[in-house]
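# Chain and residue survey
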Amino acid sequence: GWQGGVSHMGDWDEIKEPLARVIKDYPEVTLHILGSYYKNQFKEIEDRITRYPWYPFRAYTYRLKTLGLDGAIIPLESKPFNEYKSEVKFVEFTALGVPSVVKDMLPYSKVINEQNSYPYKTPEEFEEKLRAMIEDIKTGKAKKRVEAGLKWVKEERDLNKEAGELVKLYKSILPEETQRELL
């Protein structure tokens, strides 16, 4: 599965051909897309894609969970703009217990590794890692990576810990008189 909005069209460019090869080689695999759909990127495998419209924010995570995904792909175009995004896709899929093939670049490179995901840098590595993830899902080996990812998510993205730190950060950048008003 994959989810995302309109700013992700370029993310598909380097993986569309290896993705098509893998999907053709695994007749049991279908791609589920939640959000924006780039028809021209998927001409070869259009019949193997299930599309879901974008959902309102409050329903989005519930809808993502109801897809029942076995694995996810998180491609990302190598450009400076993308380096300033967050690793939220990895966190969401991992929290749902879904292993992911993830582009090994910022923002993901700070949080992914061979123990908690299937990182890739090149289109060739994407194909290799996607095939490995599919095989690992079949044998149950992918579960180990998901468990390692879940451990990281619980330790590093716990809302109870993060919320207090974010409040401190926001307060620290506000003018002093506004900070006093918030006390």
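Described below are features of the structure shown in this document. (Residues numbered from 1 in each chain as written. Predicted model: local features only at pLDDT ≥ 70, side-chain atom pairs only at ≥ 80, totals over all residues. Heavy atoms only, no water.)

Excluding glycine, residues mostly have negative phi values, and the peptide bonds linking residues are mostly trans. Note that the residue after Leu106, namely Pro107, is joined by a cis bond; omega there is 10°. Within the fold, Pro107 resides in the loop between strand 5 (100-103) and strand 6 (118-120). (Helix = DSSP H or I, 4+ residues; strand = E, 2+ residues; numbered from the N terminus.)

Neither face of strand 5 is open: one carries Ser100 and Val102, the other Val101 and Lys103, and all of them are buried. Two strands pair when backbone bridges link them, and strand 4 (residues 72-74) and strand 5 are joined in this way by 3 bridges, in the parallel orientation. Within the sheet, the bridge partner assigned to Ile73 lies in strand 5 and is Val101. As defined by bridge partners, strand 5 adjoins strand 6 across 3 bridges and the pair is classed as parallel. For Lys103, the partnering residue across the bridge sits in strand 6 and is Tyr120. (Buried < 20%, exposed > 50% of the residue type's maximum accessible area, 1.4 Å probe, protein only. Pairing = 2+ DSSP bridges.)

All right, on to the nonpolar core then. Trp12, Leu19, Leu31, Phe42, Ile73 and Leu130 are the most contacted members of the largest nonpolar core, which has 25 residues in total. For this core, the elements supplying multiple residues, two or more each, are helix 1 (16-25), strand 2 (31-35), strand 6 and helix 5 (123-139). Once residues within four sequence positions are removed from consideration, Ile73 is found in contact with Gly1, Trp2, Trp12, Ile15, Leu19, Leu31, Val101, Phe126 and Leu130. Residues Ile74, Met105, Ile112 and Trp152 belong to the second largest nonpolar core, which totals 20 residues. (Core = buried A, V, L, I, M, F, W, Y, C linked by side-chain atoms within 4.5 Å. Contact = heavy atoms within 4.5 Å.)

Now for the sheet that holds strand 3 (residues 49-52). The pairing of strands in a sheet happens through backbone hydrogen bonds and is either parallel or antiparallel. Taken in spatial order, the 3 strands of this open sheet run 1-2-3, and their pairing is parallel. Each edge of the open sheet carries a strand with a single partner, namely strand 1 (2-4) and strand 3. With direction set aside, neighbouring strand axes in the sheet form an average angle of 15°. Looking at chain direction, strand 2 and strand 3 are connected through 4 bridges and run parallel. Bridge assignment links Leu31 to a residue of strand 3, and that residue is Ile49. The sheet strands contacting helix 2 (residues 57-66) are strand 1, strand 2 and strand 3, and the helix crosses strand 2 at an angle near 175°. (Axes fitted to C-alpha atoms, helices over the stretch in contact; angles between N-to-C directions.)

Everything listed here is a matter of geometry and, on its own, says nothing about what the molecule does.
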